[in-house]
Amino acid sequence: MNIEFPSSAWKDYELVDSGDFEKLERFGTYYLRRPEPKALWHKSMSEEQWKRLTHTVFKTGAGFSRAGKEDSGTWNKMRPMDEQWRIVYSGDGRNIGSGSSSDQTSRGTGKEGKGPAFTLRLGLTSFKHVGVFPEQAPNWNWIYARTKELCDKMPLPRVLNLFAYTGAASLAARAAGADVTHLDSVRQVVTWARQNMEFSNMDGIRWVVEDAMKFAAREKKRGNKYNGIILDPPAYGHGPDGEKWKLDECLFDLLQTVDSILADKDAFLVLNLYSNGYSAVLAETLAKQAFKFKTIECGELALNDRFGKKLPLSVFVRLTR
């Protein structure tokens, strides 16, 4: 089992400190303070040091104990900052420009280097999130590398990103040269992802607002196949027509359907799971039961703070055939 972290070469993100059920992060030039239930230890920095750095702090609201609403709340600004700003990701550490300026755009797609490069627009949402999950950086690099390998074998590999959120994984696949379909059930999030594509000087991604289960079943009936599929499902969710998603009840059925739309060879799949209680071993067993692959790897994605404390945030399985 692997434990993977974002590279320290990523200059626009840093986990500064963690502890006492909170984390302090830097996104570009802004420092954000958010709840973190997995930070069971004590902070390394003092409360005064946290306050001195923090631009905004997230306060959990009334939905804290409600499934699917546990991350709802409000942001309280402590220092002046923009409501929206941009950061740059460069998988191989190339300097493609600071992402802290509100009018910054990416200067490359990653095609020239060893990793993807793209720009992400961030913003303060009422669900604690800001538009990116930084611990996913190792997955973005892996998706980019596998897609590049496929591009050496075929002119335009097809990659499907289900539960695609604001599209960092979609951009990684597109930067490598794939024909990308990006799906999310929330139209505003798909619009956000499209903005990230435009800020990154890319084009050609297909946008779909749909329930993931319905879309996968329809693609199966049509006989459509993909060379790469990315799955990052939430614990709870709803489709655009009110379809209910509960990870424990729906995941294995979705994986079996996804297996039928994944190419029989020259293919990869990434499954990422955030739900508390899900282990890498469980994810690996699920994948082995749903798919037949030549190579399978599993592990955890985590963040390192300045003081060496490792914060585990998700588990992953990656498969190739």
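A few words now on the sheet that holds strand E15 (residues 268–273). Spatial ordering of the open sheet is given by E1-E16-E17-E15-E12-E9-E10-E11, a layout of eight strands whose pairing is mixed. Unpaired on one side and paired on the other, strand E1 (2–4) and strand E11 (206–209) mark the two borders of the sheet. For this sheet, the mean inter-axis angle between neighbouring strands, taken without regard to orientation, is 20°. Of the pairings in the sheet, the one linking strand E16 (residues 295–304) to strand E17 (residues 310–320) comprises 10 bridges and is antiparallel in character. Across the sheet, Gly-299 pairs through a bridge with Phe-316, a residue of E17. Sheet strands in contact with helix H4 (residues 187–199) are strand E10 (179–184) and E11, and its direction is about 165° off that of E11. Strand contacts of helix H6 (residues 247–260): strand E9 (158–162), strand E12 (228–231) and E15, with the helix running at about 175° to E15, the strand carrying the most contacts.

A separate point is the nonpolar core. Judged by nonpolar contacts, the single largest core of 48 residues is most densely connected at Phe-27, Leu-32, Trp-85, Phe-118, Leu-120, Trp-140 and Ile-143. What Leu-32 contacts, discounting residues up to four positions off in sequence, is Lys-23, Leu-24, Glu-25, Phe-27, Thr-56, Trp-75, Met-81, Trp-85, Leu-124 and Val-130. By size, the runner-up hydrophobic cluster in this structure holds 37 residues, among which are Leu-183, Tyr-226, Ala-280 and Ala-287.

On to the sheet that holds strand E5 (residues 56–60), then. One key point about sheets: their strands pair by backbone hydrogen bonds, in either a parallel or an antiparallel sense. The strand order E2-E3-E4-E5-E6 describes an open sheet built from five strands, whose pairing is mixed. Of all the strands in the sheet, the pair left with one neighbour each is strand E2 (13–19) and strand E6 (73–77). Taking the axes of each pair of neighbouring strands and ignoring which way they run, one obtains an average angle of 20° across the sheet. Of the strand pairs in this sheet, E5 and E6 are connected by five bridges, and their pairing is antiparallel. Bridge pairing in E6 links Lys-59 to Thr-74.

Attention now goes to the environment of Leu-122. Structurally, the position occupied by Leu-122 is in strand E8 (residues 117–123). C-alpha of Leu-122 to C-alpha of Asp-82: the two residues are 40 residues apart in sequence and 9.8 Å apart in space. Residues in contact with Leu-122, not counting those within four places in the same chain, are Phe-27, Glu-83, Gln-84, Trp-85, Ile-87, Val-130, Gly-131, Val-132 and Trp-192.

In this model, the protein chain carries an average pLDDT of 90, and 90% of its residues clear a pLDDT of 70 or more. With pLDDT under 50 throughout, residues 95–112 is counted as low confidence; its partners more than four residues away or in other chains account for 54 contacts.

Here is what the cut-offs are and how they apply
Residues numbered from 1 in each chain as written. Predicted model: local features only at pLDDT ≥ 70, side-chain atom pairs only at ≥ 80, totals over all residues. Heavy atoms only, no water. Pairing = 2+ DSSP bridges. Helix = DSSP H or I, 4+ residues; strand = E, 2+ residues; numbered from the N terminus. Axes fitted to C-alpha atoms, helices over the stretch in contact; angles between N-to-C directions. Contact = heavy atoms within 4.5 Å. Core = buried A, V, L, I, M, F, W, Y, C linked by side-chain atoms within 4.5 Å. Buried < 20%, exposed > 50% of the residue type's maximum accessible area, 1.4 Å probe, protein only. pLDDT = per-residue confidence, 0-100.

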